[in-house]
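Close look at the chain arrangement
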Amino acid sequence: MRTASQCMAMAARMDGFAARDSASRMRAEWTSMAVYWRDLAHQAEWQDRYARRA
């Protein structure tokens, strides 16, 4: 699994692609992928916190 910061970097990259894409359907796809990467970042943060407690 990637780290939370790596996932947030990918989300930012997808946001950048969405901002530059003129086709609304593709912009929606890029935005959807950014949401996915942000969700992975939150999961990675949670796993890091859990691992520190164990």
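A brief report on the enclosed structure follows. None of these values were measured; they are calculated from a predicted model. (Residues numbered from 1 in each chain as written. Predicted model: local features only at pLDDT ≥ 70, side-chain atom pairs only at ≥ 80, totals over all residues. Heavy atoms only, no water.)

Position of Ala44 among the secondary structure elements: in helix H2 (residues 24-53). Take Ala44: its relative accessible area is 3%, and that puts it in the buried class. For Ala44 and Gln6, which are 38 residues apart along the polypeptide, the C-alpha to C-alpha distance reads 9.8 Å. (Helix = DSSP H or I, 4+ residues; strand = E, 2+ residues; numbered from the N terminus. Buried < 20%, exposed > 50% of the residue type's maximum accessible area, 1.4 Å probe, protein only.)

Moving on to H2. Each turn of an α-helix holds 3.6 residues, which means side chains three or four residues apart point in the same direction. Taking 1.5 Å of rise per residue, 30 residues should cover 44 Å, and H2 covers 44 Å from first to last C-alpha, within 8% of that figure. Of all the residues in H2, the buried ones are Trp30, Ala34, Trp37, Leu40, Ala41 and Ala44. Those residues of H2 hidden inside the fold are in contact with helix H1 (4-20). (Expected span 1.5 Å × (residues − 1). Contact = heavy atoms within 4.5 Å.)

So, on to H1. In this model H1 runs 25 Å from its N-terminal to its C-terminal C-alpha over 17 residues, within 8% of the 24 Å that 1.5 Å per residue would give. Looking at H1, one finds that the buried residues are Ala4, Cys7, Met10, Ala11, Met14, Gly16 and Ala18. Tucked into the core, H1 has its buried residues touching H2.

By themselves, these figures tell us nothing about what the structure is for.
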